[in-house]
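What the coordinates show
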Amino acid sequence: MAIQRSITNSRLRFLIFVFTSFTLLLVGRLYFIQIVQADSYKQEASRQYSRPAGNVFNRGTIFFQDKDGNNISAATLKTGYTIAINPTNLESPKEAYEKLSLYLEMDADSFFAKASKLNDPYEELARKIPESVAQEIKSLNIGGVSAHKEKWRFYPGENLASHMLGFVAFREDNLEGRYGLEKEYEDVLSRNDANLYVNFFAEVFSGIAGSIETKSISREGDVYTTIEPTVQSFLEEILHKISEDWSSKQSMGLIINPKDGSIYAMAINPSYNLNKFSESEITSFSNPLIERVYEMGSIIKALTMAAGLDSDAVTSETVYEDKGFLVIDGSKISNYDGKARGFVDMQEVLNQSLNTGVSFVVEKMGTRKFADYMEAFGVGEITDVDLPNEVGGLVDNLDSPRELEYATASFGQGIAMTPIATVRALSALGNGGHLITPHVVDRVGYDIGFNKNFREENDRQVIKPETSEEITRMLVRVVDEALLDGTVKLDRYSVAAKTGTAQIASPDGKYYDDRFLHSFFGYFPAYNPEFLVFIMTIEPAGVRYASQTLARPFHDITKFLINYYEVPPDR
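A short tour of the structure in this document, coming up. Everything numeric here is computed off the predicted structure, so don't read it as measured data.

Secondary structure summary: the protein contains 21 helices and 18 strands in total. Taken across its 571 residues, the protein has 51% of its residues classed as buried. For the protein, the share of sequence-separated contacts (at least 6 apart) that also reach a separation of at least 24 residues comes to 72%.

So, on to the pattern of salt bridges. The final tally for this structure, using the stated rule, is 20 salt bridges. For Glu182, the salt bridge is made with Arg153, and the minimal N-O distance between the two is 2.8 Å. Of this pair, Glu182 sits in helix α7 (residues 180-184) while Arg153 sits in strand β4 (residues 145-154), and the two are 29 residues apart along the sequence. Taking the shortest distance from any N to any O, the salt bridge between Asp245 and Lys241 comes out at 2.7 Å. With Asp245 and Lys241 both in helix α11 (residues 229-246) and 4 residues apart, the pair spans about one turn of that helix. Linked by salt bridges that have partners in common, Arg59, Arg153, Glu182 and Glu186 make up one network.

What follows covers empty space enclosed by the protein. Counted according to the given criterion, the structure contains 3 cavities of 30 Å³ or more. Put simply, the largest cavity is a space of about 50 Å³. As for the largest cavity, its lining consists of Val479, Leu483, Val488, Leu490, Val495, Ala551, Phe554, His555 and Thr558. Broken down by element, the residue count for the lining of the largest cavity peaks at 4 residues, all from helix α21 (residues 551-564). Along the lines of polarity and charge, the residues of the lining of the largest cavity split into 7 nonpolar, 2 polar and no charged.

Within this structure, the stated rule accounts for 22 aromatic pairs. Summarising the aromatic geometry, the rings of Tyr97 and Phe112 are spaced 5.4 Å apart at their centres and angled 45° between planes, so their arrangement reads as tilted. Residue Tyr97 is found in helix α3 (residues 93-100), and its partner Phe112 is found in helix α4 (residues 108-115); the two are separated by 15 residues along the sequence. For Phe112, a relative accessible area of 34% corresponds to the partly exposed category.

In this model, Asn269 is joined to Pro270 through a cis peptide bond whose omega is 5°. Structurally, the position occupied by Pro270 is in the loop between β9 (263-269) and α12 (288-291). With an omega of -20°, the peptide bond between Phe524 and Pro525 qualifies as cis. Among the secondary structure elements, Pro525 is positioned in the loop between β17 (511-524) and β18 (531-538).

Right, let's talk about the pairing of β17 for a bit. In the sheet, strand β16 (residues 496-505) pairs with β17 via 9 bridges, with the strands oriented antiparallel. The partner of Ala502 across the bridge, within β17, is Leu517. The hairpin formed by β16 and β17 contains 5 residues between the paired strands, and Gly509 there has a positive phi angle of roughly 90°. Taking the residues between adjacent antiparallel strands as the criterion, β17 and β18 are bridged by 6 residues.

In this structure, Met164, Met305, Phe377, Leu398, Leu429 and Phe521 are the most contacted members of the largest nonpolar core, which totals 102 residues. With 7 residues, helix α13 (residues 300-310) is the single largest residue contributor to this core. Those residues in contact with Phe521 that lie beyond four places of it in its chain are Ile299, Ala302, Leu426, Leu429, Leu475, Ala496, Ala497, Lys498, Leu532, Val533, Phe534 and Phe554. Counting residues in hydrophobic clusters, the runner-up holds 31 residues, among them Ala265, Leu483, Tyr493 and Val533.

Turning to the packing of α11 against α21, a few remarks are in order. Where α11 meets α21, the axes come as close as 11 Å, and the angle between the chain directions of the two elements is 165°. In terms of axis orientation, α11 runs roughly antiparallel to α21. Considering only the axes of α11 and α21, their crossing is right-handed. Residue-level contacts link Thr230, Val231, Phe234, Leu235, Ile238 and Ile242 of α11 to Pro553, Asp556, Ile557, Phe560, Leu561 and Tyr564 of α21. Split into classes, the residues belonging to the contact of α11 with α21 amount to 10 nonpolar, 1 polar and 1 charged.

The subject of this paragraph is α3. Every buried residue belonging to α3 is among Ala96, Tyr97 and Leu100, and all of these are buried. The arc that holds every buried residue of α3, seen down its axis, measures 100°, which confines them to one face. Residues of α3 that are buried sit in contact with α4, β3 (123-129), α5 (131-139) and β4.

On the basis of which strands lie adjacent, the open sheet formed by 5 strands has the order β9-β8-β18-β17-β16 and antiparallel pairing. Since the sheet does not close on itself, it has two edges, and those belong to β9 and β16, each with one partner. Each neighbouring strand pair of the sheet contributes to a mean axis angle of 10°, computed without reference to strand direction. Judged from the 6 bridges that link them, strand β8 (residues 250-256) and β9 form a sheet pairing that is antiparallel. Following the sheet pairing, Ile255 is matched in β9 by Ala265.

Glancing now at the side chain of Glu182. With a relative accessible area of 0%, Glu182 lands in the buried category. Within polar-contact distance, the side chain of Glu182 engages the side chain of Arg153 at 2.8 Å.

This part covers the environment of His240. One can find His240 in helix α11. Judged by its relative accessible area of 43%, His240 is partly exposed.

Analysis parameters
- Residues numbered from 1 in each chain as written.
- Predicted model: local features only at pLDDT ≥ 70, side-chain atom pairs only at ≥ 80, totals over all residues.
- Heavy atoms only, no water.
- Helix = DSSP H or I, 4+ residues; strand = E, 2+ residues; numbered from the N terminus.
- Buried < 20%, exposed > 50% of the residue type's maximum accessible area, 1.4 Å probe, protein only.
- Contact = heavy atoms within 4.5 Å.
- Salt bridge = Lys/Arg side-chain N within 4 Å of Asp/Glu carboxyl O.
- 1 Å grid on protein atoms, 1.4 Å probe; cavity = no way out; pocket = protein on both sides within 12 Å on 5 of 7 lines; lining within 4 Å.
- Points joined across faces, edges and corners; volume = space filled by probe spheres on them.
- Nonpolar A, V, L, I, M, F, W, Y, C, P; charged D, E, K, R; others polar.
- Phe/Tyr/Trp six-rings, centres within 6.5 Å; stacked < 30°, edge-to-face > 60°.
- Pairing = 2+ DSSP bridges.
- Core = buried A, V, L, I, M, F, W, Y, C linked by side-chain atoms within 4.5 Å.
- Axes fitted to C-alpha atoms, helices over the stretch in contact; angles between N-to-C directions.
- Parallel < 35°, antiparallel > 145°, perpendicular 65-115°, else oblique.
- Left-handed = near helix turned anticlockwise from the far one by under 90°.
- Arc of directions from axis to C-beta.
- Polar contact = N/O pair within 3.5 Å; in protein donor to acceptor, adjacent residues only side chain to side chain.

And the structure:
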């Protein structure tokens, strides 16, 4: 009997457990339907009384994130009205036009052409009309005139981060993201209204009984970026001034956390107004920081020197004889000014940006080892940044049988990289030697009530931590001693930086003598960096060297970030 009672009690406890678990699961699903998704159901109810032409547009929000963690709308929805007529019910087209023209900008010929379509029950006169104006029109009580609520994509910042955000436009009959985050996160941001609202109890039990056919809504949500709007705005102002001062064809920049890959700002000048994208040329929409490759010039010398240090081919005190030029495979490689410096050490190679010096580093390493390091830095790879259409680098010269191609690659000519890949490689110099995954999205907040974070662990070591510290020390000396003769040194902050000037290739496979790409990168506080700044400008007029065009703007950005984030001094 005791055994029987024990079995009965066990079964009873099991049934109670199953019933309790089922009840809790049911309550949980009810909570998500009634609370988490309440707004969505309210919107659907409202849509039943909306325009006859279709459902009101709906889409998730993209947020910027300020330095205090507050979310600020970058791409959202704006509400207004469409004003339409039913020509069949329009008693006096002339009277209707006279009244409506007081509130709407209308072409008379167009209005009367629409009013004459007596077999058409719906003709739109105007869209995106403010509610106050729509209410005034409603109060006129004009027969055959109606106002229908509508929503559309709206970008509060207008030009702010336009290339990173992208926009929504029609592809055939569907509105969808076409560039930037709008495209990359289309599956998260889009809303399939036709299938979202299913039988209530089917929705409740969809998490319990997988056999019930319902739309999966787990991927729908909002996107929260790492972009800091004030920092983004400041970078855009700096780039605009660079382009204006030097009549550059294009200027661009990135501000990133070199330790975890969070991008605080990503900008291209000229930009375009996201709310008026149809007024811009289609060539304005692509993101060259991700989608184009460039020969970066002398900023690559920092990578070459780091490889030489890491492989023990050289130290900062290694000396070579600089004759001002080298002849390799029958071709002449010269310093930027063609002048010889005599016997100089590796620190002076960076201070004076000597092409012969980094060519010497490659000779000491061996071409194959140099190529291995460059490949380890990811110069030919995509970075997997969370933006569309990323391309890899053009680095075939690192497989050449000739020494010449390796020598030119050592100072950033003959190989081409995207700016985002360049920034990833340069970040390894200051973060202890590992590659990061650059990203502009911090997390996705899903409509069903949970978040997914997108920060990845970094496990690819490129150079040793000791090498990272040594190359950083050398780059700090570049700023303190050599950059604009030391006039941009910050007494209380260590800043590591390097300029880059690259000749631009001509169609005949040679290089223009008077067209240059200027680049600049730097990170700070140098020995525990929170920020890496990269800026470049293409074909500045009347100037040859990047130190002339970009050193001061970099200095301004550095001071701004230090003050804005209240970065404590490190020396």
